[in-house]
Amino acid sequence: MVVAERKPIQEIMAMVAEYNKILLVGCKGCVTVCCAGGTKEVGILASTLRIARKKEGKPLEIIERTLERQCDPEYIEQVSDVIEKDGVEAILSMACSVGPQYMAKRYNIPVYPALNTTFIGGALEHGVWAEFCQACGNCIIHYFGGICPISRCSKSLFNGPCGGSAKGKCEVSSEIDCAWQLIYDRMKALGKLDELAKVFPVKDWSTSRDGGPRKVVREDMKL
Amino acid sequence: MKSGSRLEKILAAGHFAVTGELGPPRGADVEIIKKKAEHLRGVVDSINVTDNQTSVVRMCSMAVCKILIELGLEPNLQMTCRDRNRIAIQSDLLGAYALGIRNLLCLSGDHNKFGDHPQAKNVFDVDSMQLIQIVKKMRDEGKLLNGQECEGKASFFIGAAVNPFGDPFDFRPIRLAKKIAAGVDFVQTQCIYNMDKFREYMKRVVDMGLAEKCYILAGITPLKSLGMARYMARSVPGLDVPDYYLKRLQGVPKDKQAAEGIKIAVEQIQQIREIPGVAGIHLMAIEWEHRAKEIIEAAGLLPRPEVN
């Protein structure tokens with residue numbers, strides 16, 4: 001899933017400082033799962049903003065909504081009534097950065113992101129998420145025991161650990177597992193160490209963001 | 001001869017090679033380079049010029065290499081994959097060769113998080129292994145990575161770094177074998193302090209037949225003080241500084257620690273010369289170029305051999 005986290009409250013306060021009425025809109029997709037922008041987080045942020053603005057003597061009216069998804073035009077449409085009839089001055093989106101972009105495309109009022117979209121990842125334990133994918137567009141994890149060296153090695157190395165791998169940890173931080181220690185251990189357990197002895201050739205990054213913004217077209221799905 | 005560099009000739013002739021290192025200045029002052037370079041003249045066979053080491057901005061390695069050539073010294077250009085993609089890498093390789101640079105050390109590069117611009121976007125389009133392949137293809141096939149013919153070959157003596165002390169230890173000889181398969185001619189190791197572990201590494205390397213396929217230069221970094229030894233032991237991931245060196249430096253007064261550090265370095269060189277498969281040493285006297293001569297002299301490695 002896309003993992004995100006809320007921006008610092010001061011930054012959000014500054015974004016909406018000039019407005020009297022906003023729409024705060026969450027998303028029931030990935031950001032609900034990673035506890036960053038679902039119904040619950042929308043409620044918490046709305047309360048926080050209201051209290052803070054009341055203290056400043058400049059109350060902020062907030063309409064709260066949480067959409068099924070914000071990465072699909074049909075759901076974006078569901079707030080058109082609020083925006084067109086209720087005098088909302090700005091939209092504060094709690095979706096990943098796709099959401100505010102869709103909102104901005106549809107509505108002619110300013111849109112602000114309340115979250116920082118951090119990575120494609122998964123939960124390690126309750127309250128901890130980690131990065132697992134950089135969306136290179138050409139998955140190669142099967143060559144590495146199911147561990148992605150691009151996203152999980154700090155230097156995206158394809159041919160083994162750098163000199164900074166120590167006791168299973170990355171030189172960048174003792175909080176980061178050395179991806180190559182994990183790959184080595186896994187391939188050893190699978191009896192496939194000989195595969196790591198082969199030189200992995202240069203990667204074609206044209207399927208990645210380096211080839212320009214990407215698009216997936218499925219003719220069979222088109223209406 | 002692949003490149004005809006002095007380093008290649010020294011090694012090919014079977015001499016025990018000595019390479020040194022020069023860290024470019026954080027600024028445009030050429031005098032700093034000249035001063036450091038003079039300390040290494042006649043002391044080492046080739047001088048590594050670091051490429052923004054520890055991700056700290058310094059004068060570019062290629063420019064410093066050219067200055068060394070003008071001074072009549074032989075450089076070894078260090079090139080990392082951190083700051084340049086395959087386009088810049090190949091362009092720099094062609095330029096470096098045109099400037100007369102013949103030795104090249106292919107590195108992944110220290111992560112930018114450690115440096116003076118931790119906010120930088122890093123590249124890592126290719127890794128050090130793939131960089132070796134690029135350089136080899138350029139030299140042996142006269143082709144760029146995309147298969148296009150080069151107008152004029154760039155024939156480098158291809159080097160790389162190895163760290164026998166990084167984890168997982170069992171993979172380290174395999175990684176060297178990969179570098180050889182990719183096309184490396186020589187390697188320089190990370191600073192060696194734990195000699196027993198290095199002996200074990202070299203035994204495996206020799207048993208795998210790797211020492212016959214590439215020249216292995218053992219890395220030596222003299223400990224300038226107890227403080228430096230502690231830093232190397234505790235704060236540099238992938239380094240292994242045994243406690244007995246810390247205790248030994250602790251046992252001498254502060255003003256004698258530098259001399260003790262030099263003594264240790266000389267002993268290490270002597271021990272290394274006894275290890276089968278080692279073709280030379282790489283002396284990384286960090287900001288201590290002026291002490292290189294006394295170390296190499298005390299180790300009995302002067303004068304340096306002449307080669308044509």
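What you see is a predicted model; the values in this text were computed from it and never measured. (Residues numbered from 1 in each chain as written. Chains lettered and ligands numbered in written order. Predicted model: local features only at pLDDT ≥ 70, side-chain atom pairs only at ≥ 80, totals over all residues.)

A. Here's a closer look at the overall build of chain A. Looking only at helices and strands, chain A features nine helices and seven strands. Taking 223 residues into account, the globule formula puts the C-alpha radius of gyration at 17 Å, and chain A, at 22 Å, lies well above it. Principal-axis analysis of the C-alpha atoms places the extent of chain A at approximately 65 × 45 × 25 Å. Looking at chain A alone, contacts between residues at least 24 apart form 56% of all its contacts between residues at least 6 apart. (Helix = DSSP H or I, 4+ residues; strand = E, 2+ residues; numbered from the N terminus. Rg over C-alpha atoms; globule rule 2.2 N^0.38 Å. Contact = placed C-beta atoms within 7 Å.)

B. Layout of the nonpolar core. Membership of the largest hydrophobic core comes to 89 residues, with the highest contact counts inside it found for C106, V135, V187 and L283 of chain B. With near-sequence residues (within four places) excluded, L283 of chain B lies in contact with V18, G20, E21, V44, I220, A292, I295 and I296 of chain B. By size, the runner-up hydrophobic cluster in this structure holds 36 residues, among which are A4, A36, I76 and Y112 of chain A. (Core = buried A, V, L, I, M, F, W, Y, C linked by C-beta atoms within 7 Å. Buried ≥ 20, exposed ≤ 12 C-beta atoms within 10 Å, placed from the backbone.)

C. Local environment of the sheet that holds strand 1 (residues 2–6) of chain A. All names here are of chain A. Taken together, three strands build an open sheet; the order of strands is 1-6-7 and the sheet is antiparallel. Of all the strands in the sheet, the pair left with one neighbour each is strand 1 and strand 7 (128–133). In this sheet, neighbouring strand axes are inclined to one another by 70° on average, regardless of whether the strands run parallel or antiparallel. Strand direction decides the pairing type here: strand 1 and strand 6 (residues 115–125), joined by five bridges, are antiparallel. Directly across from R6, in strand 6, lies its bridge partner L115. (Pairing = 2+ DSSP bridges. Axes fitted to C-alpha atoms, helices over the stretch in contact; angles between N-to-C directions.)

D. How the structure looks around the sheet that holds strand 3 (residues 61–67) of chain A. Residues and elements named next belong to chain A. Spatial ordering of the open sheet is given by 3-2-4-5, a layout of four strands whose pairing is parallel. Edge positions in the open sheet fall to strand 3 and strand 5 (111–113), since each of these has one partner strand only. Each adjacent strand pair in this sheet contributes to an overall mean axis angle of 25°, direction not counted. Strand direction decides the pairing type here: strand 4 (residues 90–93) and strand 5, joined by three bridges, are parallel. Residue pairing across strands places L92 opposite Y112, the latter belonging to strand 5. The sheet strands contacting helix 3 (residues 39–55) are strand 2 (21–27) and strand 3, and the helix crosses strand 3 at an angle near 170°. Lying over the sheet, helix 6 (residues 98–106) contacts strand 2, strand 4 and strand 5, oriented at roughly 180° with respect to strand 5.

E. Structural view of the interface of chain B and chain A. Across the boundary between the two partners, chain B contributes 27 residues, which contact 25 residues of chain A. Mapped by element, the contributors of at least two residues to the side of chain B that touches chain A are helix 5 (128–141) and helix 6 (172–182) of chain B. The element contributing the most residues to the side of chain B that touches chain A is helix 6 of chain B, with six residues.

F. View of helix 4 (residues 86–98) of chain B. Residue and element names in this part refer to chain B. For helix 4, which comprises 13 residues, the first-to-last C-alpha distance of 18 Å matches the rise-based estimate of 18 Å (1.5 Å per residue) to within 8%. By the burial criterion, the buried members of helix 4 are I89, Q90, L93, A96 and Y97. One side of helix 4 holds all its buried residues, which, seen down the axis, span an arc of 125°. In helix 4, the exposed positions that point more than 90 degrees away from the buried face belong to I87 and A98. Residues of helix 4 that are buried sit in contact with helix 3 (61–70), strand 3 (75–80) and helix 5. Just downstream of helix 4, G100 is the residue with a positive phi angle, here 100°. (Expected span 1.5 Å × (residues − 1). Arc of directions from axis to C-beta.)

G. Layout of helix 6 of chain B. Residue and element names in this part refer to chain B. Counting buried positions over the 11 residues of helix 6 gives eight, a clear majority of the element. Contacts from the buried residues of helix 6 go to helix 5, strand 5 (157–162), strand 6 (186–191) and helix 7 (195–207). Following helix 6 by one or two positions, G183 has its phi on the positive side, about 130°.

H. The arrangement of the domain arrangement of chain A in detail. Structurally, chain A comprises domain 1 (2–118) and domain 2 (134–201). Centre-to-centre, using C-alpha coordinates, domain 1 of chain A lies 38 Å away from domain 2 of chain A. (Domains from an automatic or database assignment.)

I. Spatial organisation of the packing of helix 5 of chain B against helix 6 of chain B. Residues and elements named next belong to chain B. Put simply, helix 5 and helix 6 touch, their axes get as near as 8 Å, and they point 20° apart. As far as their axial angle goes, helix 6 and helix 5 are roughly parallel. Crossing of helix 5 over helix 6 shows right-handed handedness. Packed against helix 5, whose contacting residues are M129, I132, Q133 and K136, the element helix 6 presents K178, K179 and A182 at the interface. Partitioning the contact of helix 5 with helix 6 into residue classes produces three nonpolar, one polar and three charged. (Parallel < 35°, antiparallel > 145°, perpendicular 65-115°, else oblique. Left-handed = near helix turned anticlockwise from the far one by under 90°. Nonpolar A, V, L, I, M, F, W, Y, C, P; charged D, E, K, R; others polar.)

J. Main features of the packing of helix 4 of chain B against helix 5 of chain B. Residue and element names in this part refer to chain B. Contact geometry for helix 4 and helix 5: axes closest at 11 Å, N-to-C directions at 45°. Relative to helix 5, the element helix 4 lies oblique. Here the hand of the crossing between helix 4 and helix 5 comes out right-handed. Contacts from R86, I89, Q90 and L93 in helix 4 reach L131, I134, V135 and M138 in helix 5. Residues of the contact of helix 4 with helix 5, tallied by class, amount to six nonpolar, one polar and one charged.

K. Inspection of unusual backbone geometry at higher detail. Note the cis peptide between D167 of chain B and P168 of chain B, where omega equals -15°. Along the chain, P168 of chain B turns up in the loop between strand 5 and helix 6. The residue K167 of chain A is not glycine, and still its phi comes out positive at about 50°. Of note in this structure, N52 of chain B is not a glycine but carries a positive phi near 45°. Mapped onto the secondary structure, N52 of chain B falls in the loop between strand 2 (46–49) and helix 3. N52 of chain B gets classed as buried once you count the C-beta atoms within 10 Å, which come to 24.

L. Highlighting the environment of S154 of chain A. Tracing the sequence through the fold places S154 of chain A in the loop between helix 7 (149–152) and helix 8 (179–189). In this structure the C-alpha to C-alpha distance between S154 of chain A and S173 of chain A, which are 19 residues apart in sequence, comes to 9.6 Å.

M. Representation of the confidence of the model for chain B in the model. For chain B, the average pLDDT comes to 97, and 100% of its residues sit at 70 or higher. The ipTM value of the predicted complex is 0.95, and its pTM value is 0.96. (pLDDT = per-residue confidence, 0-100.)

N. Examining the environment of V241 of chain B more closely. Residue and element names in this part refer to chain B. With respect to the helices and strands, V241 occurs in the loop between helix 8 (226–235) and helix 9 (243–250). With 22 C-beta atoms counted inside 10 Å, the residue V241 sits in the buried group. Along the backbone, V241 and F165 are 76 residues apart, and their C-alpha atoms lie at a distance of 10.0 Å.

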